[in-house]
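Chain by chain, the residues run as shown.
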Amino acid sequence: MRKQEIFAVLLVIIFPIAIVWGAFSYQSSLKQANTVQLIAQAPEKGNFSPQTIKIKKGKEVTLVIRNVDVTSHGFVVPLLGIRVKEIKAGELEKVTFTIDEEGKYPFYCSVWCSDYHLQMKGTLIVE
Amino acid sequence: MKKSLLVLTVITLCVSFFLYANSANSHGSPANAEEKQTELGSSDNGKDVHESSGNGKERNIELRAKRYSFSPSVITVNKGDRINIKLISMDVTHGFFLDGYGTEVTVPPGDWKKFTIEADKTGRFTFRCSSTCGEFHPYMVGYLRVLPNWNYYSGIFLIVILGIGSLILTLTGKGSPRDKLFWVIPLSWRFELTKFKLVRALFKSRWFPFIALLINIWVFTIILLAAFVGGFSSAGNYNFGIMMVWILWWVLLMLFMVPFIGRFWCMVCPFPLFGDWFQRGKLISVGRQKSRGLNKRWPTKGRNLWPLVILFFISTWFSGFFTVRPFATFIFLSIIIGSATIIALIYGKRTFCLFVCPVSGFQGLYANFSACEIRVKNPDICKKHKPKTCFVGNEKGYGCPWMELPYDMNSNTNCGMCLECFKTCPHDNMAFNLRPFGTDFMSARNPADELYQRRGTDEAFKALTMIGIFLVFYFAFQGTSGQFKDMLRATTLGGYFTYIAGYTLVNFLVIPAVFFLFAFLSKKLSGDNGVKLKEVFVNFSYCLVTVGVAVWGAFSIGIILPNGSYLLHIFSDPFAWGWDLFGTADFPWTPFLTGATSYLQIFVIIIGLLFSLEYGFKFSLQTYSTPAEAKRGWIPMLIFLIGIHIFFIWLFVG
């Protein structure tokens, strides 16, 4: 019984810790694999965040765009011809690309989302 | 047997009327008898193109969508009409999804969309916002009523017929006998699940239900973490914490656990674990029998359901926050876990579960209805057995943590199904039984019984407030009023306090007063002067338990069918970090079986009515001294029950 008790205590302690640790390490392993998180909100609520994304040239990047807003948003990089479909409120969209030329490329929201829609933009810097 | 035949005939008649009415509804209105003939052959595909374009009127409707309501919120048309809707968004992106029809449209802010619906199905259909528009988004709804509303009419017809039928049978003395449920099932029928060796071995193992607790600790760690990192996100419908607790857990509890297995949740609930651990000094093996800590006794005045009635009621004041905001859910769960642990330090055993936990009260009361019980197999063995190890504990297990006397238990109210008595009983004299629904209502057979004495206004008010709380939840989460939703989520402080004041008044004054009036009429009409009015009030209030189980079930159907698909999303992406664990993160919001919702809801409410009529007269026999008085005293209560059931049918499908 004593062994079982120790086993049970370990399970009760280890389970929650393992879950929290697992969640955060899985999240950071995703980040290392060249995934960039971009949060989309209307300009008056926080705009694209971050507004400047830096990536390395010639390396594959996955951009995860998360719409935490209550209207649809979009994402286009006109100079690179990157466009994702309308991202509905609460949903997320992924786009994977590789860019070989250095430079600064502005990106925009492509869905009319608020009175300040035209200010919803950011810069993609390729180094 | 003649009586049961009679009842069967009545039920068959009702069902056939119901089916006829609904077949009429899919073939066309009675006015088009000729067309109906020609359409019959092709009715299987369910479409009726000729008629809708031929006879219907054009209806133009300007539908404004504004957080969190539509205006007009209720649209009434006739079958065959063409509804031209111009959907305008007044603020953020909104959508329009029509239950049963499946039409879906979204409209960006400040824009409009035009679309047409051919009203070829009759009934009441909910249209809901289909684009996440904010915290109350899943509850932004309106109703489209396509007349003639056959579901509604047949629902009312069924209720009236069943009511009158039951009254006639009762008054002529042909009602279901006192010891039978619906004439045929003996109330004493039991099926012992623990007679299977495997089940008994499982129940006697100290690892059960501990293993279920472990799984729940795992799940609730994810829930708490998700609710915490989800913070104040306005998209609560994509939060694991919100969805698991308020969509999955609540619905499982109300639709499945409470009606069928009673306090099953208490068996697997992980919250008291830390308190137990502290009190016992051991987690799974048997440690101290006397609780460590201050081990005080809960005050005698509060040793009833009143604290639970009040605490659950107060916690529902905040339903507009914690059902939609992840962080509010985090706080709510933290308070529950924290207070469970702190109370375990001060008071002995499971004082928290018995007298504090907000969701314990209705589970205990409604468990009287459930189809499972833990009882003694052979009382004679217990009489000879000393000491009562099930109460004081032994080396195999703890004395009843719920402070019940397992050897003398005849009600599910305070049995938390923790299974300790299976472990402590050296004679294997405890049994886990399947039983007919609601037999606990009858376990107090005479007023001399201890359980009968214990019945007080606390349980009556628990039953009454559960109806009032249901009404407010219905208006908040399935009702059309945006104004009410604004009050509930406290857009203005004045509105919020008005809501709380009105809500409290309705729950503790208006509803009890109406019920009291009928109890008063019942006593007057019965002519029994020996019975106390309080006794009438309390005894009949148990009818509201079956009513409550049914309406909460119907409510849960209206929550899980439209919103269940969110679960697929949150399983794959529990923290809204963009994960896709099982490949279902992109699964769109898809309402499920919405065409069947109203049928299921009517079905559940009718079942509830049958049980309340069945048990109601038995309560009347318990209350009044002679059968003649019981019959007369039953009439006002029957009218009350018919009345509220018609009201519920109107609420859900009318």
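Just so it is clear, the model here is predicted, and its values are computed rather than measured. (Residues numbered from 1 in each chain as written. Chains lettered and ligands numbered in written order. Predicted model: local features only at pLDDT ≥ 70, side-chain atom pairs only at ≥ 80, totals over all residues. Heavy atoms only, no water.)

Participant: Hey, could you go over the overall build of chain B for me, with residue numbers and the actual values?
Facilitator: Counting its regular elements, chain B contains 26 helices and 16 strands. The buried share of chain B, reckoned over its 654 residues, is 60%. Considering only intrachain contacts with a sequence separation of at least 6, the fraction spanning at least 24 residues in chain B is 76%. Accessible surface computed for chain B: about 26100 Å², of which carbon and sulfur atoms make up 67%. (Helix = DSSP H or I, 4+ residues; strand = E, 2+ residues; numbered from the N terminus. Buried < 20%, exposed > 50% of the residue type's maximum accessible area, 1.4 Å probe, protein only. Contact = heavy atoms within 4.5 Å. Areas by Shrake-Rupley, 256 points an atom, 1.4 Å probe, with all protein chains shown as cover.)

Participant: Go over the side chain of B:T351, please, and point to the residues and values.
Facilitator: All names here are of chain B. As for its placement among the helices and strands, T351 is situated in helix α13 (residues 351–355). A distance of 2.5 Å separates a polar side-chain atom of T351 from the backbone oxygen of G348. Once you skip the residues sitting within four places of it in the chain, T351 turns out to touch W298, I343, V356 and M403. (Polar contact = N/O pair within 3.5 Å; in protein donor to acceptor, adjacent residues only side chain to side chain.)

Participant: Got a sec to walk through the domain arrangement of chain B? Specific residues and values, please.
Facilitator: When the domains of chain B are assigned, the result is domain 1 (48–148), domain 2 (152–188 + 455–653), domain 3 (207–366) and domain 4 (373–437). For domain 2 of chain B and domain 4 of chain B, the distance between their C-alpha centres works out to 32 Å. (Domains from an automatic or database assignment.)

Participant: Explain the sheet that holds strand β8 (residues 123–128) of chain B residue by residue, including any values.
Facilitator: All names here are of chain B. Judged by pairing direction, the sheet is mixed, and its 5 strands sit side by side in the order β3-β9-β8-β5-β6 without closing on themselves. In this open sheet, the two edge strands, each paired with only one partner strand, are β3 (74–78) and β6 (104–107). When strand polarity is set aside, the average angle formed by the axes of neighbouring strands in this sheet is 20°. As paired elements, strand β5 (residues 94–98) and β6 share 4 bridges and run antiparallel to each other. Residue pairing across strands places F97 opposite E104, the latter belonging to β6. (Pairing = 2+ DSSP bridges. Axes fitted to C-alpha atoms, helices over the stretch in contact; angles between N-to-C directions.)

Participant: I'd like a description of the sheet that holds strand β4 (residues 82–89) of chain B, backed by residues and values.
Facilitator: All names here are of chain B. Taken together, the 4 strands give an open sheet; going across it, the order is β2-β1-β4-β7, and neighbouring strands pair in mixed fashion. Of all the strands in the sheet, the pair left with one neighbour each is β2 (69–71) and β7 (112–118). Ignoring strand direction, the axes of neighbouring strands in this sheet form an average angle of 30°. Alignment of strand β1 (residues 58–66) against β4, held across 8 bridges, turns out to be parallel. The partner of A65 across the bridge, within β4, is S89.

Participant: I'd love a proper account of the interface of chain A and chain B, names of residues and values included.
Facilitator: Contact with chain A, which involves 34 residues of that partner, is made by 37 residues of chain B. Between chain A and chain B the total buried area reaches about 3000 Å² when both faces are included, carbon and sulfur atoms providing 70% of it. For chain A, the biggest contributors to the area lost against chain B are A:E5, A:V12 and A:V70; these three give 20% of the whole. At the boundary of chain A with chain B, the tally comes to 0 salt bridges. (Buried area = accessible area lost by both parts, 1.4 Å probe. Salt bridge = Lys/Arg side-chain N within 4 Å of Asp/Glu carboxyl O.)

Participant: How would you summarise helix α25 (residues 597–623) of chain B if you had to cite specific residues and measurements?
Facilitator: An ideal rise of 1.5 Å per residue puts 39 Å on 27 residues; α25(B) measures up with 38 Å between its terminal C-alpha atoms. Burial of α25(B) is extensive: 22 of the 27 residues sit out of reach of the surface. (Expected span 1.5 Å × (residues − 1).)

Participant: I'd like a description of the domain arrangement of chain A, backed by residues and values.
Facilitator: According to the domain assignment, chain A consists of domain 1 (1–30) and domain 2 (33–126). Using only C-alpha atoms to locate each centre, domain 1 of chain A and domain 2 of chain A end up separated by 37 Å.

Participant: Lay out the packing of aromatic side chains in plain terms, naming residues and giving numbers.
Facilitator: The way to describe two aromatic rings as a pair is by their centre distance and the angle between their planes. Enumeration over the complete set of coordinates arrives at 84 aromatic pairs over all chains. Sitting above the plane of the B:Y143 ring, B:R124 keeps its charged end 3.7 Å from the centroid. (Phe/Tyr/Trp six-rings, centres within 6.5 Å; stacked < 30°, edge-to-face > 60°. Lys NZ or Arg CZ within 6 Å of the ring centre and 35° of its normal.)

Participant: Requested: an account of the environment of B:T594, with residues and values cited.
Facilitator: Residue and element names in this part refer to chain B. As for its placement among the helices and strands, T594 is situated in the loop between α24 (566–572) and α25. You can call T594 buried: its relative accessible area is 11%. For the pair formed by T594 and K113, sequence separation is 481 residues and the distance between their alpha carbons is 24 Å. With residues near it in sequence (within four places) discarded, T594 still touches F97, D99 and G100.

Participant: Describe the side chain of B:S556, naming the residues involved and giving the relevant values.
Facilitator: Residues and elements named next belong to chain B. Take S556: it is sitting in helix α23 (residues 543–563). Residue classification places S556 among the buried residues on the basis of a relative accessible area of 0%. With sequence-adjacent residues up to four places away left out, S556 is seen in contact with V251, M254 and L255.

Participant: I'd love a proper account of the environment of A:G58, names of residues and values included.
Facilitator: All names here are of chain A. Mapped onto the fold, G58 is located in the loop between β2 (52–55) and β3 (60–67). Note on G58: relative accessible area 47%, which makes it partly exposed. Expressed as a C-alpha distance, the spacing of G58 and D100, which sit 42 residues apart in the sequence, is 4.6 Å. Setting aside its immediate chain neighbours within four residues, G58 contacts T98, I99 and D100.

Participant: Account for the packing of helix α10 (residues 306–316) of chain B against helix α21 (residues 493–526) of chain B, with residues named and values stated.
Facilitator: Residue and element names in this part refer to chain B. Running from amino to carboxyl end, α10 crosses α21 at an angle of 145°, the nearest separation of the two axes being 11 Å. Of the two elements, α10 crosses α21, and the hand of that crossing is right-handed. Contacts from W306, V309, F313 and T316 of α10 reach α21 at Y499, Y503, T504, N507 and F508. (Left-handed = near helix turned anticlockwise from the far one by under 90°.)

Participant: Can you tell me about the pattern of salt bridges, naming the residues and giving the values?
Facilitator: Residue and element names in this part refer to chain B. On inspection of all chains with the given rule, the structure shows 24 salt bridges over all chains. E420 is paired through a salt bridge with R206; the nearest N and O atoms lie 2.9 Å apart. With E420 in helix α17 (residues 420–424) and R206 in the loop between α5 (197–204) and α6 (210–230), the pair connects residues that are 214 residues apart, well separated along the chain. When its relative accessible area of 6% is taken as the criterion, E420 is described as buried. For K618, the salt bridge is made with E614, and the minimal N-O distance between the two is 2.6 Å. Remark: E614 and K618 occur in helix α25; sequence separation between them is 4 residues, near one turn of the helix.

Participant: Quick one: what's the story with unusual backbone geometry, residue by residue and with numbers?
Facilitator: Residue and element names in this part refer to chain B. Between L147 and P148 the backbone carries a cis peptide bond, its omega angle lying at -5°. By secondary structure assignment, the location of P148 is in the loop between β9 (141–147) and α4 (150–171). Cis geometry is adopted by the peptide bond preceding P387, which originates at K386 and carries an omega value of -5°. Here P387 lies in the loop between α15 (379–384) and α16 (389–392). Despite not being glycine, N295 shows a phi value in the positive range, around 50°. Following the sequence through the fold, N295 ends up in the loop between α9 (273–280) and α10.

Participant: Lay out the confidence of the model for chain B with the relevant residues and their values.
Facilitator: Residue and element names in this part refer to chain B. With 89% of its residues at a pLDDT of at least 70, chain B reaches an overall mean of 87. Low pLDDT, under 50, characterises residues 21–53; the predicted model gives this stretch 37 contacts beyond four residues in sequence or across chains. The complex model carries a pTM of 0.89, and its ipTM stands at 0.83. (pLDDT = per-residue confidence, 0-100.)

Participant: Can you break down α23(B) residue by residue, with the values?
Facilitator: Given a rise of 1.5 Å per residue, 21 residues ought to cover 30 Å, and the 31 Å separating the end C-alpha atoms of α23(B) matches this to within 8%. Within α23(B), 20 of the 21 residues are buried, leaving the element largely enclosed by the surrounding structure.

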